[in-house]
Structure formats: C-alpha cells, structure tokens
Amino acid sequence: MPQVLRFSEVVVRRNARDIIDHLEWSVADDERWVILGPNGAGKTTVLQLADTLIHPSAGVVEILGERLGRTDVFELRPRIGFASSAMARRLPPEETVLNVVLTAAYSVTGRWNEQYEDIDERRALRVLAEWKLDHLADRTFGTLSDGEQKRVQIARAVMTDPELLLLDEPSASLDLGAREELLALLGGYAQAPTTPAMIMVTHHVEEIPIGFTHVLLLRDGQAVAAGPIAEALTAENLTETFGLTIQLTEDAGRYSARAIA
Ligand SMILES: Nc1ncnc2c1ncn2[C@@H]1O[C@H](COP(=O)(O)OP(=O)(O)OP(=O)(O)O)[C@@H](O)[C@H]1O
Ligand SMILES: [Mg+2]
C-alpha cells in the first residue's frame, strides 16, 4: 500500500526544547490512525506537520510523496483535509452551514463573490447528508450546538475529497449521545473503501471509533508505541504513555481505560 505520510527522525524544537523528539512513523493509504497521549505530548504538533502548517527543525517529513521543504505547500494543502477547534474558530458564525462546507472547495472560509458550480453544491449537499447535517443546511454556523459544529467541520474537511484526513479531537466537549453519534459516523466513514487515510487525535481510548486500525502513543514528543491497535494498544503501553498504572478493557471493538492503584 502506498505511504501517505512518512516521518524520519523528525524533530520540532521550540524554546530549546524538542517538542517532537526524533519521531519515526509512517502511514499507509488504507490505514486509520488514532494518536493518544497526555496534554502537551505533541499530538497537535504532529498534525500541524502532516498539514504542512509547520516544518520540522530536523529530519524529514514526506506527505503524499512530497518532501516538506522541497515542495510547494500550496499545491499540497488542498489534498489534505484538517478539522480542529482552532480551524473552527476561523469559520464565520453568520455563514450558513451549506456555505461553510461549500466554500472549502475554494479554500476560503466565507462566501463572497465566487461563482459556485452546481456540481460543487450537489457535492456539498451529499456530504451534509453523509454527516447527518442536511436538515441544518440553511442554519447559520454560529447557532449550531457543539456536536453539530464538529460534524460541520468534518464535512468541510472531506468536501474537497482529500487524500489524507486529519482530525484533532473531534469528539472533545460532546455529551454522551453526541459523542456516540459522531463515533458511529466516523466508524462508518473509516470502514468505507473509498475513504482516505485518516489520523485522529483523541484523549480517550473510549473515543476510538470501530474501523480505526492503528495507534500512535506519544509521550514528550516520542513514540511509546506505534502499530496495529491489537498490538500497540496495551495496558502496559498506556501505563508508560500516561505515567500511571492503567487497566484496559475491550468489548466488541470499543475500549475503556482506568487508573488502578
Ligand atoms: N510555538 C510554540 N512555542 C513553544 N512551545 C510550544 C509551541 N507549540 C507547542 N509548544 C509546546 O509543545 C508541547 C506540545 O504541544 P501540542 O499542542 O502538540 O500538544 P498536544 O499533545 O496536542 O496537547 P493537548 O492534548 O493539550 O492538545 C506543549 O508543551 C506546548 O506547550
Ligand atoms: Mg492538542
């Protein structure tokens, strides 16, 4: 399977500290990765590298076959979908849900005078339906609940048919029902054959959707473990990642973890 992402000895240095510390990692196009780790472990920084928003201080990052630093990031960026709360803050609250998703096709956040093609509008409506947002198409983004806004962000990220989809904490701040609804949608999406490679950051093993295949456990910018979930997601590895003794249970493809004395 072709690789969509390859990190070789990647270092990101900030204030004389290596916030990413010699990371080796690769993602193939049929893999769906979860990145887990404590606050400050470097999870968002990894996604920023994968979205070409930052460059490594040392080492090599290859994205969709192109080497970061030797390629035009403005050509690469439209091939990558990224949803995060930082990105959501830049979406205009007065814009309709349909326009928030539609404008992704033109790499802008608000509707202005662009000429939209019927084909784009049809695609936007199809994406809204896929993410259970069709009934909200005419609502303004700012009036949606957190859970609805999260789904709009993902719909916007997939609108351009990306080859790599990056999600930073898509289920953060959702109530139980909204979380389960989103996990079901993400799981269905992850299992569809036409879905691109996915990388999702989360804080909780409970938020790993069914259909995700691999996990990267990060601590202090280093990989504690990386590989298929069945091998890498162990109580031992979680204990090392979070620095406290963790018990892990699995039930029908869903996980739960708790600290034990
Ligand atoms: N521009 C910067 N300058 C200095 N330190 C930075 C910078 N960007 C990130 N850091 C630090 O690097 C570390 C990793 O940050 P990052 O946002 O990647 O963590 P994270 O794993 O996403 O954490 P969280 O779970 O809280 O979102 C943190 O300690 C953060 O304070
Ligand atoms: Mg983060």
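To keep things clear, this report deals only with the structure shown in the data block. (Residues numbered from 1 in each chain as written. Chains lettered and ligands numbered in written order. Predicted model: local features only at pLDDT ≥ 70, side-chain atom pairs only at ≥ 80, totals over all residues. Heavy atoms only, no water.)

1. Structural notes on the pattern of salt bridges
Phase 1: In total, this model carries six salt bridges according to the counting rule given.
Phase 2: In this structure, the salt-bridge partner of arginine 151 is glutamate 181, at a minimum N-O distance of 3.7 Å. Taken as a pair, arginine 151 in helix α6 (residues 146–159) and glutamate 181 in helix α7 (residues 176–191) lie far apart in primary sequence, 30 residues in all.
Phase 3: Residue class for glutamate 181 comes out partly exposed when judged on its relative accessible area of 36%. (Salt bridge = Lys/Arg side-chain N within 4 Å of Asp/Glu carboxyl O. Helix = DSSP H or I, 4+ residues; strand = E, 2+ residues; numbered from the N terminus. Buried < 20%, exposed > 50% of the residue type's maximum accessible area, 1.4 Å probe, protein only.)

2. What about the side chain of glutamine 153?
Phase 1: Its place among the elements puts glutamine 153 in helix α6.
Phase 2: With a relative accessible area of 10%, glutamine 153 lands in the buried category.
Phase 3: Residue contacts for glutamine 153: discarding those within four places in its chain leaves Ala83, Ser84, Ser85, Ala88 and Leu91. (Contact = heavy atoms within 4.5 Å.)

3. What about the sheet that holds strand β1 (residues 3–14)?
Phase 1: One open sheet accounts for four strands, arranged β2-β1-β4-β5; its pairing is antiparallel. Looking at strand neighbours, the two that pair on one side only are β2 (17–28) and β5 (66–67), the edges of this open sheet.
Phase 2: Sheet strands in contact with helix α1 (residues 43–50) are β1, β2 and β4 (58–63), and its direction is about 125 degrees off that of β1. (Pairing = 2+ DSSP bridges. Axes fitted to C-alpha atoms, helices over the stretch in contact; angles between N-to-C directions.)

4. A closer look at the pairing of β2
Phase 1: Two strands pair when backbone bridges link them, and β1 and β2 are joined in this way by eight bridges, in the antiparallel orientation. Looking across to β2, one finds that leucine 5 is bridged to valine 27.
Phase 2: Here β1 folds back onto β2, and the loop between the two strands holds two residues, one of which, asparagine 15, carries a positive phi near 50 degrees.

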